[in-house]
Structure formats: structure tokens, C-alpha cells
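Single-letter residue listing:
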Amino acid sequence: MSQDDGLIPPPNAKLVDRKEKWAEEGRLMTGAAAPRAQRLPPGQREVKNWPVLDLGIQPEIPVDQWELTIDGLVANPLTWGWTDFRTQPPFTDMSDIHCVTAWSRYDNHWEGVSARHILDLVKPLPQAQHIIFHSYDGYTTNVALSVFDDADVLLAHSWEGKPITVEHGGPVRVIIPKFYFWKSAKWIKRIEFVDADRPGFWEERGYHNEGDPWTEQRYS
Ligand SMILES: Nc1nc2c(c(=O)[nH]1)N[C@H]1C(S)=C(S)[C@@H](COP(=O)(O)O)O[C@H]1N2
Ligand SMILES: [Mo]
């Protein structure tokens, strides 16, 4: 956790302890990589509900106070308020969720602003190789720029045609379908482009730096 995120010690310390233990013990690892053609990654089970996972803080940000800053190694840094965000070209996509705690949820319909549109606007500098997501609850997570730069990545404001609820990261959360869901930061506040990679909250606590479900990149 970098200094400037000011994470309050998570009220959900028990969950953090338990998930750190899972990483230490390699829980849920099947050791059997599944072909990508298989929809359900190894060690996962399909659920029909949508579980909530967070650190015990669910920040409530009214849309008129919501701001998103995109900065770091980009030619055109920006800060959007709600109206700025909602006047970007709309993007919709359907994708599956795979959480490292072994549940997967199929066919989620997302609506928001595509990662590629954001990249077109901010124009990452050549040195920008990694991205750090910063959230309103103090959570952080990291991905390579090449992971963010994909056709199915977006900043979502709606799920199944309705605004994403606070518990699921509304007003706006990141969606990165190809990785375990901890990379999909809820309550997104800042997207920082950096040259050197930096582990986020779970990456510092035994979780994999990437997180490909089909090769079970659960733990580091
Ligand atoms: N800001 C923030 N984003 C977060 C988290 C969090 O605690 N804070 N948890 C991550 C984890 S571990 C998962 S599995 C998903 C859960 O999203 P959901 O509660 O909508 O299912 O959000 C991810 N993004
Ligand atoms: Mo998770």
C-alpha cells in the first residue's frame, strides 16, 4: 500500500487475515490449467447470485461529488466529474466474473466508458507501462498497460441496465474480465499511469501480480 492512499485499517480485518492465509497455503489450487475454450476456469464454480467482497468499507459517493482523475505518465491528464464521465461515448459489453474465492458469474451486462476511449484521450507516454487503480476506500490494484488496453475493459456505471449499487462499487468501477475480479477496482477515484510496476492491496498480501484464472494465477 503506498503512503498516499491513507487506507484506514480495514474493519474487515478478519477477511483480510483469512485471505492472506489462503495465499500462504495455496488454497483452492487445482494445479490443472484449463483450456481457454472451457468457459469455467479451473477450481471455480458458477454462481447465479452476485457476492459482495470488500475490506469492510463501502464509501458512498453522491454523483455530484464524484471525481475521477487520470494522470501520471500521460500527455493529457484529466479530471472528470459525473457529467463529464456520462457525456463520453457509451460502451456496452457482456462478460463473465471470476473471483479468486472460487465463484464465477456468467453474462454480466456492463455499460460505461471503454478503456480504449480513455487511452485515446489521455495518450500514455512511451514510459507508461503499468497502471495503478486507486479507490475511494483506499484500495489499490495494479495491471500492465497492455492488460488495460483491451476491447473488453471498461469503467462501468451500470450492470444489467441499472446503476451499479454502492456495495458493488458504484458510481463507477473498473471491469477487467480476463483477470480475477480483485483487479476490477470498485469506487474508482484515480487511474495512475506509471513506468515501474507497484503491487496493490492484495498483491502485497500474497496474491498474484497478474491473475489469469485459466492458469490459476491466484497467489504469488
Ligand atoms: N475499491 C475496492 N475494489 C475492490 C475490492 C475492494 O475491497 N475495494 N475488492 C476486490 C475483490 S477481492 C473482488 S472479488 C471484487 C468484488 O466485487 P463485488 O463486491 O462487486 O463482487 O472487487 C474487487 N475490487
Ligand atoms: Mo476477490
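Residues numbered from 1 in each chain as written. Chains lettered and ligands numbered in written order. Predicted model: local features only at pLDDT ≥ 70, side-chain atom pairs only at ≥ 80, totals over all residues. Heavy atoms only, no water.

**With respect to the side chain of S95**
What counts is decided by this rule: Strands are runs of DSSP state E lasting at least two residues, helices are runs of H or I lasting at least four, and both sets are numbered from the N terminus onward. Residue burial is assigned from relative accessible area. The probe radius is 1.4 Å, only protein chains are included, and a residue is buried under 20% of its type maximum, exposed over 50%, and partly exposed in between. The term polar contact refers here to a pair of N or O atoms within 3.5 Å; inside protein, the definition further demands a hydrogen-donor-capable atom paired with an acceptor-capable atom, and it admits residues adjacent in sequence only when both atoms are side-chain atoms.
Summarising the element assignment, S95 is placed in strand β4 (residues 91-98). Exposure remark for S95: the relative accessible area of 8% places this residue in the buried category. Here the side chain of S95 touches W110 through a polar contact of 3.2 Å, side chain to side chain.

**Considerations on the pairing of strand β8 (residues 154-159)**
Basically, it comes down to this: What makes two strands pair is DSSP finding at least two bridges between them.
The buried count for β8 comes to six of six residues, which makes it a mostly enclosed element. Relative to β8, strand β5 (residues 103-114) runs antiparallel, the two sharing five bridges. Across the sheet, residue W110 finds its bridge partner in β8, namely W159. As paired strands, β8 and strand β10 (residues 173-175) are joined by three bridges and run antiparallel to one another. What sits directly across from L155, in β10, is V174. The sheet contact formed by β8 and strand β9 (residues 162-163) spans two bridges and is antiparallel. For W159, the partnering residue across the bridge sits in β9 and is K162. Here β8 folds back onto β9 in antiparallel fashion, the turn holding two residues, of which E160 has a positive phi close to 55°.

**Some words on the site of ligand 1**
Cut-off, in case you're wondering: Near, as used in this document, describes a residue that has one of its heavy atoms within 4 Å of the molecule or strand being considered. Here, Shrake-Rupley sampling with a 1.4 Å probe gives the accessible areas, and only protein chains in the shown set may cover a residue. A cavity, in this analysis, means grid points on a 1 Å lattice covering only the protein atoms where a 1.4 Å probe fits yet has no way out; a pocket is instead an open set bounded by protein on both sides within 12 Å along at least five of seven lines, and a residue lines either one if it has an atom within 4 Å of a point. For a cavity or pocket, the test is whether more than half of a molecule's atoms lie within 2 Å of its grid points; if they do, the molecule sits there. Under the convention adopted here, Pro, Cys and the residues Ala, Val, Leu, Ile, Met, Phe, Trp and Tyr are nonpolar, Asp, Glu, Lys and Arg are charged, and Gly plus all remaining residues are polar.
Residues in close proximity to ligand 1 total 21 residues, the closest being P51, D137, H168, R173 and K186. P51 is positioned such that a nitrogen or oxygen atom in its backbone is 2.7 Å from an oxygen atom of ligand 1. In this structure, an oxygen atom belonging to ligand 1 sits 2.7 Å away from a side-chain N or O atom of R173. The fraction of the free accessible surface of ligand 1 (530 Å²) that becomes covered by protein chains is 99%. A majority-of-atoms criterion places ligand 1 in the largest cavity. Tallied by class, the residues present in the shell around ligand 1 amount to 13 nonpolar, three polar and five charged.

**Digging into helix α3 (residues 115-122)**
Defined as follows: In this description, contact between two residues means that some pair of their heavy atoms is separated by no more than 4.5 Å.
Among all positions of α3, only A115, H117, I118, L119 and V122 are buried. Among the structural elements, β2 (68-72), β3 (78-80), β5, α4 (145-148), β8 and β11 (188-194) are those in contact with the buried residues of α3. One or two residues past the end of α3 sits K123, with phi positive at roughly 55°.

**Side note on the pairing of strand β6 (residues 130-135)**
The element β6 is largely enclosed, with a buried count of six among its six residues. Because side chains alternate across β6, one face comprises the buried residues H130, I132 and H134, and the other comprises I131, F133 and S135, equally buried. Summarising the sheet, β6 and strand β7 (residues 140-144) pair through five bridges and their orientation is antiparallel. Pairing of I131 across the sheet is with V143, part of β7. From the end of β6 to the start of β7, which pair antiparallel, there are four residues, and G138 there has a positive phi angle of about 95°. Note that β6 and β11 share six bridges and pair antiparallel.

**Let's talk about the packing of aromatic side chains**
Put simply, the rule is: Between 30 and 60 degrees the pair is tilted, below 30 it is stacked and above 60 it is edge-to-face, where a pair is any two Phe, Tyr or Trp rings, Trp via its six-membered ring, whose centres lie within 6.5 Å. Ring-over charges, as used throughout, are those where CZ of Arg or NZ of Lys falls within 6 Å of the ring centre and within 35 degrees of the ring normal.
Within this structure, the stated rule accounts for 14 aromatic pairs. A centroid spacing of 5.7 Å and a plane angle of 85° characterise the contact between W66 and W82, whose relative ring orientation is edge-to-face. Residue W66 is located in the loop between β1 (45-46) and β2, and its partner W82 is located in helix α2 (residues 82-86); the two are separated by 16 residues in the primary sequence. Taking the relative accessible area as the measure of exposure, W66 reaches 2% and is therefore buried. When its relative accessible area of 21% is taken as the criterion, W82 is described as partly exposed. A network of ring pairs unites the aromatic residues Y139, Y180, W182, F201, W202, Y207 and Y219 as a single cluster. In this structure, K19 packs its charged tip against the face of Y207, placed 5.9 Å from the ring centre. When the ring centre of F201 is taken as reference, the NZ or CZ atom of R205 above it lies at 3.7 Å.

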